[in-house]
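Chain residues, written in single-letter form:
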Amino acid sequence: MNFILNKLTFIKSIFLKELKINIKIFFFTFIYLFRSSFKKVHLELNNKEKVLFHNLKKNGFLEYTKYEEHFLERIHEKYFNQEGNLGDNNSSKSFWNNKSLNREKTIDLSKLIFKNDKTLYKIVSNYFSEPYYLESIELVRSLNLGSKYQSSQLFHRDFNSIKTLKVFIYFSDVNSSDDGPFSIITQSLKARMLSFINPIHKSLKWEKRVSKFSNVKEFLGKRGKVFIVDTFRNFHFGSRITNDGSRLMLIVSFRNINRLHGTDPFQPIKLKNIVSN
């Protein structure tokens, strides 16, 4: 009897948490639609950029490009070498070590990235279609700590805002599932229907049920591979490393103006201010 009561209490708490989040999502979606109708952002795209943007808008993810080795070395040398190695865990996640840049260095590195890749700035800006923020830039090393997956190693969505776009850059080769690729569910509507009375981070049992009608896409590629994902829109996980190596990845995070959950590491940065300087 106690087991049943505890189970019902657990389901009730999850239901109320999901309900609270969904009410906020509905409210901020209304604000977004209203505001974007007045503050529409649209940057001119060439034909190639139009195809890239269309695919991102349609799918919520984009296998974008591959950065050259000299550019990766420049980023690592200038922004992360002087911070020391990633031996210290600055995250609550035991399976990865990370170095997050402060506000000044985040602005500086974003200028470098957009100067090197103007197409990226145009695609990201048009995806939000309204003023948006650069939230953070961090370099993350994922480690193999066994198969007892936790936190972001389980399927989940990010609730930073109703549009949360992340640019991922592999700083190590990710050639197979053993290397812990970032992975998403490509058809998430049914998955959302099954998520309402489950925790934010879904269980492996939930994942097994969803895999019967949805495809899991792994982002594989060599060092320098760049891909973009709307992590609010797509269920995703990463860092499931099963070999003796580690995965090194740079994450550049953007979000809508209205924050749904969590706190900012520093005052958010408006992208138009960066590019115009």
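What comes next is a walk through the structure.

Rules used in this analysis
- The residue numbers shown here count from 1 along each chain, following its written sequence.
- pLDDT decides what is reported in this predicted model: residues at 70 or higher carry local features, side-chain atom pairs at 80 or more are listed and counted, and totals for whole chains, interfaces and linings draw on all residues regardless.
- Here the side-chain values reflect all heavy atoms present in the structure, with hydrogen atoms and water set aside.
- Note on geometry: axes are C-alpha line fits, over the in-contact stretch for helices, and angles between N-to-C directions span 0 to 180 degrees.
- Secondary structure elements are taken from DSSP: a helix is a run of H or I of four residues or more, a strand is a run of E of two residues or more, and numbering for both begins at the N terminus.
- An angle below 35 degrees is read as roughly parallel, one above 145 as roughly antiparallel, one from 65 to 115 as roughly perpendicular, and any other as oblique.
- Crossing handedness follows the turn of the near helix against the far one: under a right angle anticlockwise gives a left-handed crossing, and clockwise gives a right-handed one.
- Note on contacts: a residue pair is in contact if any heavy atoms of the two residues lie within 4.5 Å.
- Only Asp, Glu, Lys and Arg are considered charged, only Ala, Val, Leu, Ile, Met, Phe, Trp, Tyr, Cys and Pro nonpolar, and every remaining residue, Gly among them, polar.
- Relative accessibility thresholds used throughout: buried, under 20% of the residue-type maximum; exposed, over 50%; partly exposed, between the two (1.4 Å probe, protein chains only).
- When DSSP finds two or more bridges between two strands, those strands count as paired.

## Some details on the packing of helix 2 (residues 47-59) against helix 5 (residues 118-128)
Stage number 1. Their axes nearest at 10 Å, the elements helix 2 and helix 5 cross at an angle of 40°. When the interaxial angle is binned, helix 2 and helix 5 end up oblique. Viewed along their axes, helix 2 and helix 5 form a crossing whose handedness is right-handed. In this structure, helix 2 uses Glu-49, Leu-52, Phe-53, Leu-56 and Lys-57 to contact helix 5, whose residues at the interface are Thr-119, Lys-122, Ile-123, Asn-126 and Tyr-127.
Stage number 2. Grouping the amino acids of the contact of helix 2 with helix 5 by side-chain chemistry returns 5 nonpolar, 2 polar and 3 charged.

## Quick look at the pairing of strand 9 (residues 247-256)
Each regular strand displays side chains that alternate between the two surfaces of the sheet.
Stage number 1. Among the 10 residues of strand 9, 10 are classified as buried, and the element is accordingly described as predominantly covered.
Stage number 2. As defined by bridge partners, strand 3 (residues 132-142) adjoins strand 9 across 10 bridges and the pair is classed as antiparallel. By the bridge assignment for strand 9, Val-140 is matched with Met-249.

## Details of the environment of Phe-232
Stage number 1. Positionally, Phe-232 belongs in the loop between strand 7 (225-230) and strand 8 (236-237).
Stage number 2. A relative accessible area of 8% places Phe-232 in the buried class.
Stage number 3. Along the sequence, Phe-232 and Lys-163 sit 69 residues apart, while their C-alpha atoms lie 6.1 Å from each other.

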